[in-house]
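# Observations on the model geometry
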Amino acid sequence: MHIGGIRQCPWAELVALCDSNEELLRQRAAEHGIPAKRCYKEYTELLARDDIDAVTIGTPNHLHAPIVIAAAQAGKHVLCEKPIALNTEEALRMVAACRAAGVRHMTAFTYRFVPAVRFATHLVRSGVIGEVRTLRSRRLQDWGTRAIGWRQVKALAGTGEVGDMMAHRLDYTQAMVGRIARVSGLLRNFISERQGADGTVQVQDVDDWAGVLTEFTTGAVGVYESSKICWGFGFYAKSPDDLDVHGTEGSIVYRMEEPHVLRIGRMGESLENVPVPAEFLLPVGGVPGPLAGDPLQTFRFNEIFEFVDAIRHERDCVPSLVEGAQTQAVVDAIGRSSEERQWVEVPVIE
Ligand SMILES: NC(=O)c1ccc[n+]([C@@H]2O[C@H](COP(=O)([O-])OP(=O)(O)OC[C@H]3O[C@@H](n4cnc5c(N)ncnc54)[C@H](O)[C@@H]3O)[C@@H](O)[C@H]2O)c1
């Protein structure tokens, strides 16, 4: 998805690739016409090139911090996948390294770029439904019992569902409403072993279900559920990914399966379909015309446009790694809340 965005962005050029998996590296190089001399198994070698301004990092979670810090120290702007770190302390070291090096930094909270989420964020922030009182987020999938690689291993992933899927929703609801101040969370690991394609049994030691109550600094409250074990619900773009926001004046309803529509209602009235206006369908940075391709995918390209536009105009990326660290702090607080069975305060990250 990062490469797809780079290829569509008029101000970016794909220079080099890195992957420790040699076969995959060769395959991607062939797909994208990158010669072998610009392909690397070691990220340190790629970072030594002086014709690279920026890197995007889409490795398993435990490698985000070392690669972001090395990239910043090499003077490269960084876009890092979410969750940006294994824990808040690591996330703060990443932010500090980028600030010390003076590079732009961004978290790949891709779902902020769904046109309907961009529009909903604008409407909520401009007070169209009054003051937000409550919101409800659901991300329900069926991932079966097949092995899912590093994602099922705490040492490599940090957390399971809460950092993998719920992190996006914790992020974009904070972009709408403000900071989450405290949480009461419950994490469950219902499937402790997954089946490899070769028949091996592989341990899963992270949550596959997460339920959370949040209190925002504004006084609003949120209810979030995220799951990989809702059998029959499908997965990826074809499974429930919903948000309802209720304010003093009205409600906004978003369903991922319709990324270009919101439903909006006021007290005593029915919900009405409202198409997302053209300005929220356009890529960041003044590119005329929407991104080409399937709208359930193309919003992902737009985060690359945001990254590149921020670099070009010497402004902070939105969301930066600071927002990535803030959501990491929420994820850590949810983990602690679940372990200690009590509400936990979320620290302010600046
Ligand atoms: N923003 C989103 O919507 C979104 C969607 C999917 C995944 N992600 C995030 O992207 C990251 C990657 O997820 P994925 O599903 O693509 O995982 P993946 O396992 O499919 O891909 C990770 C790649 O990193 C490579 N790699 C591992 N160690 C490396 C190293 N030392 N140097 C270079 N390359 C190395 C692997 O060979 C693999 O090709 C995760 O952080 C995940 O949470 C985000």
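Note that the structure is predicted; figures quoted are calculated from it, not measured.

Looking now at the site of the ligand. Residues in close proximity to the ligand total 17 residues, the closest being S20, N21, T59, E81 and T110. Per-class residue counts for the shell around the ligand are six nonpolar, seven polar and four charged.

A word on the pairing of strand β7 (residues 180-188). In the sheet, β7 pairs with strand β10 (residues 209-216) via eight bridges, with the strands oriented antiparallel. Opposite V183, over in β10, you have T214 as the bridge partner. With two bridges joining them, β7 and strand β16 (residues 344-345) adopt antiparallel strand pairing. Counted as the bridge partner of V183 is V344 from β16.

Right, let's get into the nonpolar core. If you look at the biggest cluster of nonpolar residues, it comprises 80 residues, and the most contacted ones within it are V68, V78, M94, A120, V245, V330 and I334. Domain assignment of the residues forming this core places at least three in each of domain 1 (2-110) and domain 2 (111-288 + 320-345).

What follows deals with the packing of helix α4 (residues 64-73) against helix α5 (residues 88-101). In the contact formed by α4 and α5, the axes pass within 8 Å of each other and the chain directions differ by 10 degrees. Between α4 and α5, the angle is such that the two are roughly parallel. For the pair α4 and α5, contact is made by A65, V68, I69, A72 and Q73 and by E90, R93, M94, A97, C98 and A101, respectively. When the residues that make up the contact of α4 with α5 are grouped by side-chain class, the tally is eight nonpolar, one polar and two charged.

Definitions and limits used
Residues numbered from 1 in each chain as written. Predicted model: local features only at pLDDT ≥ 70, side-chain atom pairs only at ≥ 80, totals over all residues. Near = placed C-beta within 6 Å. Nonpolar A, V, L, I, M, F, W, Y, C, P; charged D, E, K, R; others polar. Pairing = 2+ DSSP bridges. Helix = DSSP H or I, 4+ residues; strand = E, 2+ residues; numbered from the N terminus. Core = buried A, V, L, I, M, F, W, Y, C linked by C-beta atoms within 7 Å. Buried ≥ 20, exposed ≤ 12 C-beta atoms within 10 Å, placed from the backbone. Domains from an automatic or database assignment. Axes fitted to C-alpha atoms, helices over the stretch in contact; angles between N-to-C directions. Parallel < 35°, antiparallel > 145°, perpendicular 65-115°, else oblique. Contact = placed C-beta atoms within 7 Å.

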